[in-house]
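Observations on the three-dimensional arrangement
Here's the letter readout for the chains.
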Amino acid sequence: MIEFENLMPIRPRRLRHNPAVRRLVTEYRVTPERLIYPLFVCEGTGVKTEIPSMPDVFQMSLDVLAEEVKELETLGIGGVLLFGIPEHKDECGSDAMSEDGIIARAVRTVKKAAPALLCITDVCFCEYTSHGHCGALKKLPSGLMDVDNDATLEMLQRQTLVQAEAGVDMVAPSGMMDGMIGAMRDALDSKGFTELPIMSYAVKYASAFYGPFRDAADSAPQFGDRRSYQMDFAAVAESALREVELDLAEGADLIMVKPALAYLDVVRMVHENFPEVPLATYNVSGEYSMVKAAALNGWIDENRIVDESLIAMTRAGAGIIITYWAKKVAQRMKK
Ligand code: PBG
């Protein structure tokens, strides 16, 4: 026990005076190889369109993507996470299940241009459906329209296999369908893709922080919201552990908590309960846009806010961070 009358010999500042000592005792570091960079891929050639609500984030066509990933490969970042934006959307998101669809061609482009760069795909339907929901729709007995869980599982299997055959290195299902991990694992194993890992968006809250992403991916739901499949942020916190447990039992290899900053308690809880499982957190679009907007107004220092936030996620227990800042951070570290 510390003797309180005798506190003065204890001087925590001794470790803070000298910058070299500070560096020596620093425990947490963010390195590029732990960062994953999301990319939005669209049709066309020479297209590089900035997303108005996400400065420095672009929708890009395949030719631009090829150049981009070559550069990213040299920066040593952990990987890219691809989102496809098709030219034509329909009721069941068929572009995502076609080998000529935008996401399949994006995977082939990345693997050809930058073979050493880890290529991950978001497996979901909201970017591909005309109604903007994450799967096929059905009418409930009550008359409400809702996403049909089990019909969507079959679609997810088809989407997963198209991406696997295109050469993806890891798949990341984000639709929060019950049983999605098991269904995808079965499909992959049945076609010999037994080594392909699945990173599950296991703990994903229905969050207003996804707003700018839906501009980026043209994926805002045309009616209702996603609360019948994404989690309620005010519900029992331990339900996060149940979601993780189920996904692990179905064969998930990595786990994600999303969003990041408002959910660091959940990141910590998952990390403490499943210390052996690689844990990612998604620093989502709204978190990015808020910082960008304030930085563009000169109200905060963007780089310092980013470093502080990424360290906070790391301290909470996330070994992997998916962030729109991945490229910028890696460029800064290289200097
Ligand atoms: C697709 C998906 C979303 C995000 C990642 N995958 C949108 C959503 O669930 O509405 C959000 C990412 C972000 O906000 O940066 N289901």
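Above this text sits the structure in question.
If you're wondering where the values come from, they're calculated on a predicted model, not measured in any experiment. All residue numbers here refer to positions counted from 1 along the written sequence of the relevant chain. With pLDDT at 70 or above as the cut-off, local features in this predicted model cover only qualifying residues; side-chain atom pairs require 80 or more to be listed or tallied, and sums for whole chains, interfaces and linings still use all residues. Just so you know, side-chain values use all the structure's heavy atoms and leave hydrogens and water out.

In this section: the environment of E250. Here a strand is any run of E in DSSP of at least two residues, a helix any run of H or I of at least four, and the numbering for each starts at the N terminus. Note on placement: E250 falls in helix 7 (residues 239–250). In this structure E250 comes out as partly exposed when scored by relative accessible area, which is 23%. Sequence separation of E250 and I181 is 69 residues, and the distance between their C-alpha atoms is 5.7 Å. Each residue touching E250, except ones within four places of it in the same chain, is listed here: G179, M180, I181, G182 and R185. By the criterion applied in these results, polar contacts are pairs of N or O atoms within 3.5 Å in which, for protein atoms, one can donate a hydrogen and the other can accept it, and in which residues neighboring in sequence qualify only through two side-chain atoms. Engagement of the side chain of E250 in a polar contact is seen with the backbone nitrogen of I181, the distance being 3.3 Å. The cut-offs for exposure are 20% and 50% of the maximum accessible area for each residue type, with area from a 1.4 Å probe on protein chains only; residues under the lower value are buried, those over the upper are exposed, and the others partly exposed. Contact criterion: two residues are considered in contact whenever any of their non-hydrogen atoms come within 4.5 Å of each other.

It is worth spelling out the pairing of strand 2 (residues 48–51) at this point. Summarising the sheet, strand 2 and strand 3 (residues 54–60) pair through 4 bridges and their orientation is antiparallel. Pairing of E50 across the sheet is with F58, part of strand 3. Two strands make a pair as long as DSSP finds a minimum of two bridges between them. Linking strand 2 back to strand 3 in an antiparallel pair, the connection comprises 2 residues.

Further remarks concern the site of the ligand. Of all residues adjacent to the ligand, which total 20 residues, the nearest are K204, R214, K258, S285 and Y324. Taking K258, its side chain carries an N or O atom lying 3.4 Å from a nitrogen atom of the ligand. To measure how exposed things are, a 1.4 Å probe is used in the Shrake-Rupley method; for residues, cover is taken only from the protein chains shown. Taken by itself the ligand offers 400 Å² of open surface, and the protein chains cover 100% of this. Breaking the shell around the ligand down by element, the ones donating at least two residues are strand 9 (199–204) and helix 6 (211–216). For this classification, Asp, Glu, Lys and Arg are treated as charged, while Ala, Val, Leu, Ile, Met, Phe, Trp, Tyr, Cys and Pro are nonpolar and the rest, including Gly, are polar. A class-by-class count of the residues in the shell around the ligand yields 11 nonpolar, 3 polar and 6 charged. Throughout, near means a residue has at least one heavy atom within 4 Å of the molecule or strand.

In this section: unusual backbone geometry. Of note, the amide linkage connecting K258 to P259 takes the cis form, showing an omega dihedral of -10°. Among the structural elements, P259 can be located in the loop between strand 10 (254–258) and helix 8 (264–273). One non-glycine residue, M176, lies in the positive phi region at around 60°. Its place among the elements puts M176 in the loop between strand 8 (170–173) and helix 5 (180–190). Owing to a relative accessible area of 7%, M176 belongs among the buried residues under this scheme.

So, to be careful, I would describe these as geometric facts and stop short of saying anything about function.
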